[in-house]
Amino acid sequence: MIQITDIKNIDFDSIPIDSFWNTGEKELKMHKIHAYPAKFPAFITTKALDYARKNSIKTNQIADVFCGCGTVAFEAKRCDIDFWGCDINPVATMIAKVKSRKYQPERLKKYYKDILDTFAHKNISEIDYDSSNERIRYWYDKAHYDDLFRLKVAIDESTPLKSDYRLFFTCAFSNILKSTSRWLTKSIKPQVDPNKQIADVMDAFKKQCKFMMSANNESDVTGESSTDIITGSFLDSSINMPKVDMIITSPPYVTSYEYADLHQLSSLWLGFVKDYRELREGSIGSRHHVYNFERELKHLNNTGTHIVFRLLDNNSSKAHSVAKYYLDMQHVTATCYSMLSNGGMALFVIGNTEFKGVKIDNACHLAESLQNSGFSEVLVTKRKISKKILTPYRDQQGRFTKDGRGRKIYSEEFILIGRK
Ligand SMILES: C[S@@+](CC[C@H](N)C(=O)[O-])C[C@H]1O[C@@H](n2cnc3c(N)ncnc32)[C@H](O)[C@@H]1O
């Protein structure tokens, strides 16, 4: 770890990789019950907790302010530590809630059987493909739509209202929505695959439930610690935030993709929104922000100002969205500081990127932002992202490729630690 004193004199590129943060223990199956882009490896949490204990930092209550699909939430539960998390994406918080609970295997088996029976025998008359949501019709043919509709009704009729068990099977339903649709698999851009072999709904659901039930059997969660997961924006000042000893988080990537767009199938089917674009609102790094650029610009820190002015020479829309991202992140570090108890620690995992030759140095911006928010000690190190080493490019469709003509993506990211 390198301590940052004078930010101008640190070259983030030359920071050596610290192998401590590269690898860790194998992840439990529970971490894999639902696909989620930009999920970070579970061992980051365990290593962060190790690091905190070695440095005599308390770990009685931890938070992840961008909790995503609940990687930190589940690891906190395994360690019997109280957890608070928030994410703007309702699909993310649904997965996070499901992961951090332990289910009675016999009850899961019973509900599973009831769902299959209801699906097989119930006559549902109100299925009306032609008047369903236009976006849903775009992704599903009638046969798959009808089966998914019946399955959704079967889950709701076979499990108690608002119960953990309904959420468990709803999460299973959510994770089969891509394979049973025309969505181009393994793409970060939502687009139709005209040649796709679309999965059968009940085959996919049975496979998914079996996997989730075995993940539940393997899960070693036993303790009584509390887990509180909120759906909402961390920028929203009306959210009631607890005091915590530690924050472990990874912020959204700067304008790289829209999380809301990627989760549109689940959001539409589960009724979180009528138009999936609503979910972009309030999201940090969204390309769809409207704000007064001229007026806000003066609030950017030095690193942010430097990067945004270099981008302005190239592309003003990119400069505006990066500026908004940086302003939001400055707000985030200030709020994290106020959430921490004295002596507490915040750990951020963040990557850099570039646009038309302009380096978008998010790590440097974040370090300066932590200092400006009052963190007394700011440390930085670098880790390697294992999978991306093998496929460091993205093709025109946004899929990972080994072909060097694609857009380069980074295979390293930074760990920043701030002490209060
Ligand atoms: C890099 S991901 C975090 C992934 C997480 N560490 C995991 O393992 O699943 C960043 C998350 O920030 C969320 N996000 C974006 N804007 C937000 C906001 N204003 N408030 C709260 N969460 C937000 C996104 O929905 C996304 O889940």
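About the criteria used
Residues numbered from 1 in each chain as written. Predicted model: local features only at pLDDT ≥ 70, side-chain atom pairs only at ≥ 80, totals over all residues. Heavy atoms only, no water. Helix = DSSP H or I, 4+ residues; strand = E, 2+ residues; numbered from the N terminus. Buried < 20%, exposed > 50% of the residue type's maximum accessible area, 1.4 Å probe, protein only. Contact = heavy atoms within 4.5 Å. Areas by Shrake-Rupley, 256 points an atom, 1.4 Å probe, with all protein chains shown as cover. Lys, Arg positive; Asp, Glu negative; His and termini not counted. Charge placed at Lys NZ, Arg CZ, Asp CG, Glu CD. Near = heavy atom within 4 Å. Polar contact = N/O pair within 3.5 Å; in protein donor to acceptor, adjacent residues only side chain to side chain. Nonpolar A, V, L, I, M, F, W, Y, C, P; charged D, E, K, R; others polar. Right-handed = clockwise from strand over helix to strand, strands pointing away. Pairing = 2+ DSSP bridges. Axes fitted to C-alpha atoms, helices over the stretch in contact; angles between N-to-C directions. Parallel < 35°, antiparallel > 145°, perpendicular 65-115°, else oblique.

Draft legend 1. Quick peek at the overall build of the protein. The secondary structure content of the protein amounts to 15 helices and 13 strands. For the C-alpha atoms alone, the extent of the protein along its principal axes is close to 70 × 50 × 40 Å. When the 420 residues of the protein are sorted by exposure, 55% land in the buried category. Taking as baseline every contact in the protein between residues at least 6 positions apart, the subset at least 24 positions apart corresponds to 76%. For the protein, the exposed surface amounts to about 19,200 Å²; the carbon and sulfur share of it is 48%. Taking the average location of the 60 positive side-chain charges in the protein and that of its 51 negative ones, the two points are 3 Å from each other.

Draft legend 2. The site of the ligand, seen in detail. The ligand sits among 23 residues. The nearest are Y36, C69, T71, D87 and F234. One of the backbone nitrogen or oxygen atoms of C69 is found 2.9 Å away from an oxygen atom of the ligand. Here a nitrogen atom of the ligand and a backbone polar atom of I88 are 3.2 Å apart. Within the shell around the ligand, the residues separate by chemical class into 13 nonpolar, eight polar and two charged.

Draft legend 3. Geometry of the pairing of strand 3 (residues 82-87). Counting buried positions along strand 3 yields five of six residues, so the element is predominantly enclosed. Taken together, strand 2 (residues 61-64), helix 2 (residues 71-78) and strand 3 form a β-α-β motif whose crossover is right-handed. In the sheet, strand 3 pairs with strand 4 (residues 227-231) via five bridges, with the strands oriented parallel. Looking at the pairing, G85 lines up with I229 of strand 4.

Draft legend 4. View of helix 2. In terms of burial, helix 2 is a largely internal element, seven of the eight residues being buried. In this structure, the buried side of helix 2 is in contact with helix 1 (43-54), strand 2, strand 3, helix 3 (90-99), strand 4 and strand 5 (244-249). One or two residues past the end of helix 2 sits D80, with phi positive at roughly 60°.

Draft legend 5. The arrangement of the sheet that holds strand 4 in detail. What the eight strands build is an open sheet, ordered 1-9-13-6-5-2-3-4; its pairing is mixed. Edge positions in the sheet fall to strand 1 (2-3) and strand 4, since each has one partner strand and no second. Most of the contacts of helix 1 go to strand 6 (residues 340-350), to which it runs at about 145°, and overall it touches strand 2, strand 5, strand 6, strand 9 (377-384) and strand 13 (412-419). The strands that helix 3 touches are strand 3 and strand 4; relative to strand 4, the one it contacts most, it runs at about 165°.

Draft legend 6. A look at the packing of helix 6 (residues 142-158) against helix 8 (residues 201-218). The contact between helix 6 and helix 8 brings their axes to 9 Å, and the two run at 40°. Relative to helix 8, the element helix 6 lies oblique. Here H144, D147, L148, L151 and I155 of helix 6 lie close against helix 8, whose contacting residues are V201, M202 and F205.

Draft legend 7. Focus on the environment of S376. Within the secondary structure, S376 is located in the loop between helix 14 (362-373) and strand 9. Residue classification places S376 among the exposed residues on the basis of a relative accessible area of 58%. Apart from residues no more than four positions distant in its own chain, S376 is found in contact with R419 and K420.

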